[in-house]
Amino acid sequence: MIEGLLSIFTLADLLDIAVILIVVLALNLMAGYAGIPNFGMALFVFIGAFSLAGIGTRVALLLTSIVDPGFIDRLSRAHLLIAKTYNGSLKDILLYGVAGDPMVNRVAAPEMEKIVSQDLILSMILLVTVLGAAIILGALMGIIASFAAVRLREDYLAIVLLAFSEMMVMVIFAQTDVFVGGPNGAYVVKPWPTVLEDAVKPITPPGISSDLMIALIVSLLVLLLTFVYAERIANSPMGRVLRAMRDDDLVIATFGRDVPLTRLKVMAVGAMIASIAGVLYATIRTPVVASTYDRFTWTFVPWAMMILGGMANNWGVVLGAITIYVGQRLIYYYTPSVFQAMVPILDVISRLAIPLILSSTVLIIILLALRWRAKTDLERRLATYTIIGLIGFVGSTLILAVSIHYIISNIVYVQALLPKIFLGIVIILVLYLRPQGIMPEKPARTLSRRELKEILARESR
Amino acid sequence: MVLPSPEFLVYSIAYGSVLALLCIGLTLTYMVTKVPNFAHATLAITGATVTLFLLDRIYYSLHPVRCPGCTMQYVTLYLLAPILAFIIVGLVALAEYLLVLRPLARRGIGIIGLMIATLAFDMILYNALSLTLYITPAENLGRLMDAPLKGFDVGVTLAGVNTSFSRLLLPLVAVLLAVALHMFLTRTKFGVSLRASIENPNLARALGINVDLAYMVSWFLAGGLAGASGALWAFMIESYKPETAYLILVSVFAGSILGGLGSIYGALVGGFLIGLAETIGLVMAQNLLQLLLNILGLTVTVTITQYQRFFSLIIVIVVLLIAPQGLAGINIRGLLARGGGLR
Amino acid sequence: MDQPMLAVNSLNSGYGKFQVVFDVSFNVYRNEIFVIVGPNGSGKSTLLKSIFGLATIYLGSISYMGRDVTKLPPHVKARMGIAYLPQTDNVFSELTVRENLMMATYTLKESEARDRVEEVLKIYPVLRNRLDYKAKSLSGGERQMLALAMTLVRRPSIIMLDEPTANLAPVVAKDLLKKISMLRDEMGITVILVEQNARAALEMGDRALLMVSGRVAYEGPARSLLQDAELGRRYLGLR
């Protein structure tokens, strides 16, 4: 059974999980510990993708043109469309070329990749540039975002951050061709040198590309580093400062802590981490289309994972993220078989529809009477919930029975959308039943247990 | 050249009316629950879905193209859809309040948690709607998702202007609903008690007013406004897609924030202004820019119409940072003294 | 003295786990003005809130007209004739004066409501001129008058006022206190008045309660407290 379950997941999924985990850990730092309601995470992740697809490709073009001056000519001769587009200088190409035209992009990118990856030095330059850009741009975005946090109340801040993220990603980047190819997206030049690919080949399972393998290994490494970093911050004096800032920033300001500066640092670091995650994600999910970095996938889902797992608890949010990711995949995978299995039952129910409705109506009337005569608040509430539950249950069963055949014939859509609906319901339930999450925040342990014991022993003497 | 064509003007006013109604609803729910309802645009698109189904099941064969003598009958669609949508979406909004926001608020969940809850409800509603559209077979429209609703609008030529029935109807409906709401809130005892409950629920309770009922009615009305507006807005959308809700949410927020989140009249004005700005304003700006560039001898064609959201978003950010009270709170002295939505 | 209208016995109350009132007992008799004075933070406001049911009562009892009302919720007490006028938030700022009075008569029949509003406007003619103005545009004194009017419209038997003259100019405050005396003189309403302005309050009051740090330091005739140099000087800033 475990075998069967595991077979649903591929290594590409593992990369997805690693990336989203990095993002959630970054979000936990910003929102969980520092209390900044960052609804603009999508932007930070996208900036990383942009660094790879927008900046990286241009740098790669520059590098290939230096190493192989006839590159563009060669390409134009081989592909007439490129010839049509480019008759100009390198400057033109750098500004408008690579990212803009999908045809050009799709053809040029792999060619450049071939050239760049052969040479270790070129690869290194590309890698460093891309990472550098991701880090710098990420930090920049984080800093800009932190300026808004200075003077705004919680809910206004959340809206502004959301608006900022939407504006940058959905409007500017998604609509303008120059940056990342607009609606068509841009292909990437992966910055991994061939030596790395060769090194990885032995451990690559059959059927998996070495690109995926490298990205996976790097992602897991980054994930590990991020987790260690997050934990260290959490259990350090800085962690206490962040929490104090979250809970009452006026108090901590009077103690001499520079609140805006601390916020700036948190946002900058968090954004940098998310940006790197974006780079890793983009190496595999090509072409990079800006509109896919939407607020649902990269802002809401991480928040959901953080809340479910437990805000301000790094182990918690990891657990929450894995739970949601795995849960959604499971729902996706098992939806067809579950609905198929329901068909016979539902057919029976649809034939019994009338008696079912009649008996539930009678039950509801009885429950209403009981509710009206209830002596205590508890009894009344119990009756209310039972009525709602009954209506919901019978109602949805009947709706299902009526529509089951339509559902089966459109099972693809059901598969795709049901996990999202479930996620929405789960989040509301979590907020209602256990808002502190699966693993609630634990107190900061700046001193290890051993040190604490020693101190306590000393004090009692 | 710079001024818009009359057709476009009519379109612009219609769009402004849609936003105005949506903004009123959003501000109303914000005043009651103190939380911006991220699901509001999806409520509007739910209203559009009502129109979609009515068209598919009932009115398809009555369209003037297929039935030349049926124009009068077909026109009843423009009445039935908003009314039905008002009720249905009103109930959906009420459900959002009763099942999600009220229980969570009573649990003590803070603003951010409640915002996430509205996002979650948005996700549920949006995807459930999409699912319904995929699963339910269309009788006439081919495919419910992507149905070209615009084509079902009735063309009208008024004073030489070629426009459509929905675009003429929208401003009328907006004015009607706004006036009705105003009458309700100021002339009826229950309406006044609604305003009282929103402002000071403790005092209202002490006076024997059923504050809970007031809140429920407010949410129902907000949803109703969204539904009615969405039902007619359906004719202005290129092709039916729930995604459109995703995009218009920004404009609705912009309008409400511009008007000041505590003022219904502000929302009306703000929504309308944003609607005008996004359409006429943008086109005029583009034409002006083009003119300027042409004068300077540059032959670049300027298309900034795809950036309409950008301006709405800029407005949101600027207003919140500088004057969070919006239009309703314009007070120059206060502006200089306070300077921002300080905590 | 006949039976007290309101009897408070060994009341211990506060907010949540934070106790403010310690073992307070006193009686209020029909048709008198009972003044509660004391330094800041002595628990005067909390005392009123506890009587009305807006604070947590740990121990003790409150009886009204002989009935034990300790555990009753505020709106039930309101219907029994007990009115409470808080210091702030006692009117709807965004509503007009007319609308405020409309809300005050919410539970009454249309005709009854109209009569009572007329009644109250006769007592406070100033409000008649301001009927269509929003409450927030009223002056401090006018607003307190509106709040008082909204309470009177419900014909309470006993009104508890929490620092009604706070933030009012001295002249306006004096006028308001005069109107409060009228409540007893002309309408037969019993008044419990919490006041920061001890001298003015004690001058118009019949009996008084001095609260210090949540406990009773004096209960008796108001005049005597006014003349008591020791207590007056130490706690009330009276010379």
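Remember, predicted model here, so these are calculated numbers, not experimental data. (Residues numbered from 1 in each chain as written. Chains lettered and ligands numbered in written order. Predicted model: local features only at pLDDT ≥ 70, side-chain atom pairs only at ≥ 80, totals over all residues.)

> How do you make sense of the overall build of chain B when you look at a structure like this?
In terms of regular secondary structure, chain B is built from 13 helices and two strands. The globule rule puts the C-alpha radius of gyration for 343 residues at 20 Å, and the 21 Å found for chain B is close to it. Projected onto the principal axes, the alpha-carbon positions of chain B cover approximately 60 × 55 × 35 Å. The contacts of chain B with a sequence gap of at least 6 include a subset with a gap of at least 24, amounting to 75%. (Helix = DSSP H or I, 4+ residues; strand = E, 2+ residues; numbered from the N terminus. Rg over C-alpha atoms; globule rule 2.2 N^0.38 Å. Contact = placed C-beta atoms within 7 Å.)

> Please explain the environment of Glu231 of chain A as it appears in this structure.
All names here are of chain A. With respect to the helices, strands and loops of the structure, Glu231 is situated in helix H12 (residues 210–234). Of the residues examined, Glu231 has 14 C-beta atoms within 10 Å and is grouped as partly exposed. With 84 residues separating them along the chain, Glu231 and Trp315 place their C-alpha atoms 8.8 Å apart. (Buried ≥ 20, exposed ≤ 12 C-beta atoms within 10 Å, placed from the backbone.)

> Could you clarify how one ought to interpret the sheet that holds strand E8 (residues 190–194) of chain C in this entry?
In any sheet, the strands associate via hydrogen bonds between backbone groups, in a parallel or an antiparallel arrangement. All names here are of chain C. Strands sit in the order E6-E7-E8-E3-E9-E10 across an open sheet of six strands; the sheet is mixed. Of all the strands in the sheet, just strand E6 (82–85) and strand E10 (215–221) have a single pairing partner and so form its edges. Neighbour-to-neighbour, the strand axes of the sheet open up by a mean angle of 15 degrees, direction not taken into account. Pairing geometry for strand E3 (residues 33–37) and E8, over four bridges, is parallel. For Ile33, the partnering residue across the bridge sits in E8 and is Val191. In the packing of helix H7 (residues 170–187) onto the sheet, contacts are made with E3, strand E7 (158–162) and E8, and the angle to E8 comes to roughly 155 degrees. (Pairing = 2+ DSSP bridges. Axes fitted to C-alpha atoms, helices over the stretch in contact; angles between N-to-C directions.)

> What is the right way to read the domain arrangement of chain A from this model?
Many authors give the size of an interface as the accessible area that is lost as the parts come together. Partitioning chain A into domains gives domain 1 (10–309) and domain 2 (332–433). For domain 1 of chain A and domain 2 of chain A, the distance between their C-alpha centres works out to 42 Å. (Domains from an automatic or database assignment.)

> How do you make sense of the pairing of strand E2 (residues 18–28) of chain C when you look at a structure like this?
Residue and element names in this part refer to chain C. Pairing of strand E1 (residues 6–15) with E2, which is carried by seven bridges, proceeds in the antiparallel orientation. Bridge pairing in E2 places Ala7 opposite Asn27. Linking E1 back to E2 in an antiparallel pair, the connection comprises two residues, with Gly16 at a positive phi of about 60 degrees.

> Just to check I follow, could you spell out helix H20 (residues 411–433) of chain A for this structure?
Every α-helix carries 3.6 residues per turn, so stepping three or four residues along brings you back to the same face. Residue and element names in this part refer to chain A. Over its 23 residues, H20 runs 32 Å from end to end, which matches the ideal 33 Å to within 8%, given 1.5 Å per residue. Where H20 bends most, at Leu417, the angle is about 30 degrees, and the proline Pro419 comes one to four residues later. Within the span of H20, buried status applies to Leu417, Leu418, Lys420, Leu423, Gly424, Ile427, Ile428, Val430 and Leu431. (Expected span 1.5 Å × (residues − 1). Bend = angle between axes of the 7 residues up to and from the residue.)

> Before we go on, may I ask you to explain the packing of helix H17 (residues 314–351) of chain A against helix H19 (residues 377–409) of chain A in this structure?
A pair of packed helices is captured by two measures, namely the crossing angle of their axes and the spacing between those axes. Residue and element names in this part refer to chain A. Running from N to C, H17 and H19 point in directions that differ by 130 degrees, and their axes come no closer than 9 Å. The orientation of H17 relative to H19 falls into the category oblique. As for how H17 packs across H19, the hand of that crossing is left-handed. Two secondary-structure elements touch here, H17 through Phe339, Gln340, Met342, Val343, Leu346, Ile349 and Ser350 and H19 through Thr397, Leu400, Ala401, Val402, Ile404, Ile407 and Ile408. The residue makeup of the contact of H17 with H19, split by class, is eleven nonpolar, three polar and no charged. (Parallel < 35°, antiparallel > 145°, perpendicular 65-115°, else oblique. Left-handed = near helix turned anticlockwise from the far one by under 90°. Nonpolar A, V, L, I, M, F, W, Y, C, P; charged D, E, K, R; others polar.)

> Would you mind showing me how to read the interface of chain A and chain B here?
Counting residues at the interface gives 40 residues for chain A and 41 residues for chain B. Mapped onto the side of chain A that touches chain B, the elements with two or more residues apiece are helix H8 (120–151), helix H9 (154–175), helix H16 (295–309), H19 and H20 of chain A.

> Just checking my understanding: could you explain helix H6 (residues 140–152) of chain C for this structure?
Residues and elements named next belong to chain C. With 13 residues, H6 should cover 18 Å at 1.5 Å per step; its first-to-last C-alpha distance of 18 Å lies within 8% of that length. Where burial is concerned, most of H6 is hidden: twelve out of the 13 residues are buried. Every buried residue of H6 is listed here: Gly141, Glu142, Arg143, Gln144, Met145, Leu146, Ala147, Leu148, Ala149, Met150, Thr151 and Leu152. Contact partners of the buried residues in H6: E6, helix H3 (97–104), helix H4 (110–123), helix H5 (125–129), E7 and H7.

> What am I meant to see in the interface of chain C and chain B here?
Taken together, the 15 residues of chain C in the interface contact 13 residues of chain B. Breaking the side of chain C that touches chain B down by element, the ones donating at least two residues are helix H2 (74–80) and H3 of chain C. The biggest single contributor to the side of chain C that touches chain B is H3 of chain C, with four residues. Grouping the constituent residues of the side of chain C that touches chain B by class yields eight nonpolar, four polar and three charged.

> Help me understand the packing of helix H2 (residues 40–59) of chain B against helix H10 (residues 243–259) of chain B in this model?
All names here are of chain B. Here H2 crosses H10 at 125 degrees, and the two axes come no closer than 8 Å. In terms of axis orientation, H2 runs oblique to H10. Between H2 and H10 lies a crossing of right-handed hand. For the pair H2 and H10, the contacting residues are His40, Ala41, Thr42, Ala44 and Ile45 in the first and Thr244, Ala245, Ile248, Leu249 and Val252 in the second. In the contact of H2 with H10, the residues fall into seven nonpolar, three polar and no charged.

> Looking at this model, I keep getting lost on the sheet that holds strand E4 (residues 56–64) of chain C. Mind explaining?
Pairing in this open sheet of four strands is antiparallel, and the strands run E2-E1-E4-E5 (chain C) from one edge to the other. The strands lining the two open edges of the sheet, one partner per strand, are E2 and strand E5 (67–68) of chain C.

> Help me understand the arrangement of the chains, please; the structure alone is not making it clear to me.
With two pairs of chains in contact, the largest contact count belongs to chains A and B. In this structure chain A stays clear of chain C, and the shortest span between their C-alpha atoms is 15 Å.

> Help me out: how do you make sense of the confidence of the model for chain B in this one?
All names here are of chain B. On average, residues of chain B carry a pLDDT of 86, and 93% of them reach 70 or more. When pLDDT is averaged over each helix and strand of chain B, the minimum, 44, is found for helix H13 (residues 332–338) and the maximum, 95, for helix H9 (residues 211–233). Predicted confidence for residues 331–343 stays below pLDDT 50, and this span has 13 contacts to residues more than four positions away or in other chains. In the model output, the complex is listed with pTM 0.86 alongside ipTM 0.87. (pLDDT = per-residue confidence, 0-100.)

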